[in-house]
Amino acid sequence: MRLFVAIALPADMKRSLMRAISDLRCVATQGNFTKEENLHLTLAFIGEVPTPRVTDAKRALDKVSATPFTLTLEGSIGRFVRSGGDIYYANVEGGDALHSLAGAVKRELTAAGFAIEERAFRPHITLGREVNVPSPVSISIVPASMTVTYFGLYKSERIAGKLTYTEIHRIEL
């Protein structure tokens, strides 16, 4: 099973992000754009895991302790430059609480024997991958905020050719 840990987004935030994706799609010559139902904020990517280890991941995440906090779309987009097309994303702000949550998730998963990426946590919501834009683009995002009260363990799979993310375990803050 391919697993990741993420914060789900409410409908109003997804609507704001979909408007930005639509604007980006209009100026791009190519790209794989995130579907509305797949918009999320990744806290940790676990990767391919044998089915018996899913229980270990759930137990590790149940040890994470955090309190609810506010997550805000900052109103701007950014990009990670990649050969073959860039990754465009929405900037988000969650302060120390978001960084602490991501750090706790990583610590508990690592302690349970999962190999989590060593790079620094950069909170963002992916809008599109392999995106090519012929000239610099300025796309704004309608600001939106949410109170984060839980995060989840998700599996990623292709169902009838469609990338689908399914929450398989929820952790309340």
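Note: the structure precedes this text.
Before going into details, it helps to say that this report is about the structure given with it. Just so it is clear, the model here is predicted, and its values are computed rather than measured.

## A few points about the pattern of salt bridges
- If you walk through the whole model with that rule in mind, you get 8 salt bridges.
- In this structure, Asp 56 engages Arg 53 in a salt bridge whose closest nitrogen and oxygen atoms are separated by 2.8 Å.
- Bridged by salt links that share partners, the residues Arg 53, Asp 56 and Arg 59 form one connected network.

## What to know about the pairing of strand S1 (residues 2–8)
- When you tally the buried positions in S1, you get 6 out of 7 residues, the bulk of the element.
- Taken together, the 7 bridges between S1 and strand S3 (residues 40–48) define a ladder with antiparallel strand orientation. In the sheet register, Arg 2 faces S3, and the bridge partner there is Glu 48.
- Of the strand pairs in this sheet, S1 and strand S8 (residues 150–159) are connected by 5 bridges, and their pairing is antiparallel. Residue Leu 3 lies in a different strand from S8, and its bridge partner there is Lys 155.

## Some words on the environment of Thr 72
- Following the sequence through the fold, Thr 72 ends up in strand S4 (residues 69–80).
- Linking Thr 72 and Arg 170, residues 98 residues apart in sequence, is a C-alpha distance of 21 Å.
- Look past the residues within four positions of Thr 72 in its chain and what remains in contact with it is Asn 91, Val 92, Glu 93, Ala 144 and Ser 145.
- Among the polar contacts listed, one links the side chain of Thr 72 to the side chain of Ser 145, at a separation of 3.0 Å.

## A word on the sheet that holds S3
- Strand order across the open sheet formed by 4 strands is S3-S1-S8-S9, with antiparallel pairing between neighbours. The strands lining the two open edges of the sheet, one partner per strand, are S3 and strand S9 (162–172). On average, each strand axis in the sheet is tilted by 25 degrees relative to the strand beside it, whichever way the strands run.
- Sheet strands touched by helix H3 (residues 95–111): S1, S3 and S8. Its angle to S3, the strand with the most contacts, is close to 15 degrees.

## Focus on the sheet that holds strand S6 (residues 124–132)
- Here we have 5 strands laid out as an open sheet, ordered S2-S6-S5-S4-S7, and antiparallel in their pairing. With one partner strand each, in any of the chains shown, strand S2 (30–33) and strand S7 (145–148) form the two edges of the open sheet. Taking the axes of each pair of neighbouring strands and ignoring which way they run, one obtains an average angle of 35 degrees across the sheet.
- Two elements, S2 and S6, share 3 bridges in a ladder whose sense is antiparallel. By the bridge assignment for S6, Gln 30 is matched with Asn 132.
- Relative to the sheet, helix H1 (residues 11–27) contacts S2, S4, strand S5 (86–93), S6 and S7, its axis offset from that of S6 by approximately 15 degrees.

Each value, and the rule that gives it
- Residues numbered from 1 in each chain as written.
- Predicted model: local features only at pLDDT ≥ 70, side-chain atom pairs only at ≥ 80, totals over all residues.
- Heavy atoms only, no water.
- Salt bridge = Lys/Arg side-chain N within 4 Å of Asp/Glu carboxyl O.
- Buried < 20%, exposed > 50% of the residue type's maximum accessible area, 1.4 Å probe, protein only.
- Helix = DSSP H or I, 4+ residues; strand = E, 2+ residues; numbered from the N terminus.
- Pairing = 2+ DSSP bridges.
- Contact = heavy atoms within 4.5 Å.
- Polar contact = N/O pair within 3.5 Å; in protein donor to acceptor, adjacent residues only side chain to side chain.
- Axes fitted to C-alpha atoms, helices over the stretch in contact; angles between N-to-C directions.

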